[in-house]
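In case you want the letters, here they are:
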Amino acid sequence: MKTKFWVTGTVALALGAVGCQPAAPEPEQVAEATAKRSGDLVRNIGASMRTLSNLSALKTLTDVASNVGGFGNVGGGLQSMSITRLAEESPLPVLSAPDEATSQAQAALVEKYLRERIFTEANVEETKGSSTTFRITGEDLCSDGSSVATPECVADVDKYELRIRATNKGDDGLDLELLLGPNRSEPFSLSFTDVRVGMIVDLGGVKDTVKYLSPETELPRVMVGRVELALTSTGPRDVEFKTSVLDALSVEWDTTGGAYAFSTAKVSPLSELKVSQKNGASWARVALNLATTEVRVPYSGPKAELAGKQYVASLSGLSYAMEAQEGDEALTLAHLGLGNAQSYLALGDHKLVTADLNALSGRHFDLHIAKGTDGLAVLSVKPEFDLSVFTDMEPVYQYSAGEQPFDHKMRFNVRLSGGGAPSVRPVPANTSTGFPGGLQVVSGELSLAVNDSRVTVPASKCLVKESATSESSSGVGFAAGNCQ
């Protein structure tokens, strides 16, 4: 009787589990869910980017970047790195903040394709369990229906054997998996909910896909890892975009000159962009949190004894978080840092270059940017800015005939500290007094050191570049002087 009881219970549980499985979605359900959510996202992204482009704090950052030339000889020429210019030259349409009419047109086109060309009854190839598979042809993709698709485009699409498998996840959840080729490789997948769209890219799946599409293409020996891109939107001014490294990325490939490799550790989120409303005003947050990342390349210099060694560039991390609010011209870049350990460039076991940022004060700092009463930017740091760089290029240096060996070790340090939140501001050149332009210490103390030489700039004084026609008195090429 006990045996029969357990058999009966197991069968009942199995039947119950089958009965709870969501039904395969109908083509109309897939079309409406994807079209509505995708269209809303396009509209909301456009509205959010227009909001982002009008925030005063971001304009302040643009002004600071475009006015770096005001540092005179300290930073001349960097004014070309204007954020405005970078945005204008970028090919990414999202950076250009499309107007409302453009956003509406783009959304309508996306909706039309999904409803009328992709997720149709005629394209259903298979229904199995909670999934419906759609076979997508060149005729579907190469035209929006208002014109005849070109034969060349149709042939190019059809050779990929493109399919999309839609899986009902229940509670208004829907997963879409792109399937390519006869083996149905899965380079990426999409997940939809009422307010979120997530895309996961699998490097292993990408590798399999490329092998099918272009067998002659030489691919890396190793391609592993997964990346997620997620977009959440609850309204026209409430959008959040996040990227994450779900599984550590590793790419390795071999050449006749040696092996190359790239890797970056798992981290979630890797980057964030959020535009929302806070206290009735538009608000935005941008953040980056890159984990340990390494690049390895083979040595290819003239020294035969170094053959087979590898250069290793190791970045312990890279992070910052920036928030901006409508009506506020000040801006803070929080948690700026290069990870929680030393970053370096090495050849084999020998470190050629090392970099330590705030090694004795948490390895991170906050940078606050605001406009002073004279309209010039004031930059303050908390708790301090302390960057130390050490170089020793002896192993890779090639001495010329008759040249005597010398000490290749160099130490550099830049430190702005004192007072809890030390600050500086650029002061433009003054032709009437001959002042070349410099960096004024508003509070705290600024020091610049090269090996055993050091220049220290107290509050109210300026860091200026020494004249090229005179012998350096500081040994570092800069001096402390009056700001006039």
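Please read these numbers as outputs of a predicted model, since none were measured by experiment.

S.K.: Before we go on, may I ask you to explain the pairing of strand β4 (residues 173–179) in this structure?
M.R.: Along any regular strand, the residues point their side chains to alternate faces of the sheet. Here β4 lies mainly inside the structure; 6 of its 7 residues are buried. Across 7 bridges, strand β3 (residues 163–170) lies against β4 in antiparallel orientation. Along β4, the bridge assignment pairs R163 with L179. Between β3 and β4, which pair antiparallel in sequence order, lie 2 residues; one of them, D171, sits at a positive phi of approximately 50°.

S.K.: Looking at this structure, how should I read a nonpolar patch on the surface?
M.R.: Together, W253, F262 and V295 make up a nonpolar patch on the protein surface, roughly 230 Å² of accessible area in all. Here V295 shows up in strand β12 (residues 293–298). A relative accessible area of 37% places V295 in the partly exposed class.

S.K.: What is the right way to look at the side chain of R363 in this model?
M.R.: Looking at the element boundaries, R363 is found in the loop between β17 (350–357) and β18 (364–371). Separated by 3.0 Å, the side chains of R363 and D356 make a polar contact. Once residues within four sequence positions are removed from consideration, R363 is found in contact with L336, G337, L338, G339, N340, A341, Q342, D356, L357 and N358.

S.K.: What exactly am I supposed to notice about the pattern of salt bridges here?
M.R.: Any two side chains of opposite charge can pair, so long as their charged atoms come close to each other. Across all of its chains, the model carries 23 salt bridges by this definition. Between E161 and R163 there is a salt bridge, with its nearest N and O atoms 3.8 Å apart. Taking the relative accessible area as the measure of exposure, E161 reaches 24% and is therefore partly exposed. Here the residues in one salt-bridge network are E125, E126, E161, R163 and R184, joined through shared partners.

S.K.: What am I meant to see in unusual backbone geometry here?
M.R.: Most peptide bonds are trans, and most residues other than glycine sit at a negative phi. Look at the link from S268 to P269: it is a cis peptide, with omega at -5°. If you trace the backbone, P269 turns up in strand β10 (residues 267–278). In this chain, K382 is followed by P383 through a cis amide linkage whose omega measures 0°. Position of P383 among the secondary structure elements: in the loop between β19 (377–382) and β20 (385–392). The phi angle at N358 is positive, at roughly 45°, despite the residue not being glycine. By the secondary structure assignment, N358 is in the loop between β17 and β18. One non-glycine residue with positive phi stands out, namely N451, at about 50°.

S.K.: Looking at this structure, I do not really get helix α8 (residues 203–213). What am I missing?
M.R.: Residues separated by three or four positions in an α-helix point in the same direction, a consequence of the helix having 3.6 residues per turn. Restricting attention to buried positions, one finds in α8 the residues L203, G205, K207 and T209. Considering only its buried residues, α8 is in contact with β6 (196–202), β7 (222–235) and β8 (238–255). The opening residue of α8 is D202, an N-cap whose side-chain oxygen sits 2.8 Å from the backbone nitrogen of G204.

S.K.: Help me understand the environment of P269, please; the structure alone is not making it clear to me.
M.R.: Take P269: its relative accessible area is 22%, and that puts it in the partly exposed class. Remark: the alpha-carbon pair of P269 and L229, spanning 40 residues in sequence, is separated by 9.6 Å. Once residues lying within four places of it in the same chain are set aside, the contact partners of P269 are K242, T243, S244 and N289.

S.K.: Mind showing me how you'd approach the state of the cysteines here?
M.R.: By definition, a disulfide links the sulfur atoms of two cysteine residues through a covalent bond. Applying the stated criterion to the full structure yields 2 disulfides. Through a disulfide, C462 is tied to C483; the S-S separation comes to 2.0 Å. In this structure, the disulfide formed by C462 and C483 twists by about 120° around the S-S bond and is classed as right-handed. Of this pair, C462 sits in strand β26 (residues 462–465) while C483 sits in the segment after β27 (478–481); the two residues are 21 residues apart in sequence, bridging distant segments of the chain. By relative accessible area, C462 is classed as buried at 0%. Here the cysteine-cysteine linkages of the protein are recorded as 1-2, 3-4, numbering only bonded cysteines and doing so in sequence order.

Rules and cut-offs
Residues numbered from 1 in each chain as written. Predicted model: local features only at pLDDT ≥ 70, side-chain atom pairs only at ≥ 80, totals over all residues. Heavy atoms only, no water. Buried < 20%, exposed > 50% of the residue type's maximum accessible area, 1.4 Å probe, protein only. Helix = DSSP H or I, 4+ residues; strand = E, 2+ residues; numbered from the N terminus. Pairing = 2+ DSSP bridges. Patch = residues over 30% accessible without salt bridge, like charges linked within 9 Å, V, L, I, M, F, W, Y side chains within 5 Å. Areas by Shrake-Rupley, 256 points an atom, 1.4 Å probe, with all protein chains shown as cover. Salt bridge = Lys/Arg side-chain N within 4 Å of Asp/Glu carboxyl O. Polar contact = N/O pair within 3.5 Å; in protein donor to acceptor, adjacent residues only side chain to side chain. Contact = heavy atoms within 4.5 Å. Disulfide = S-S within 2.5 Å.

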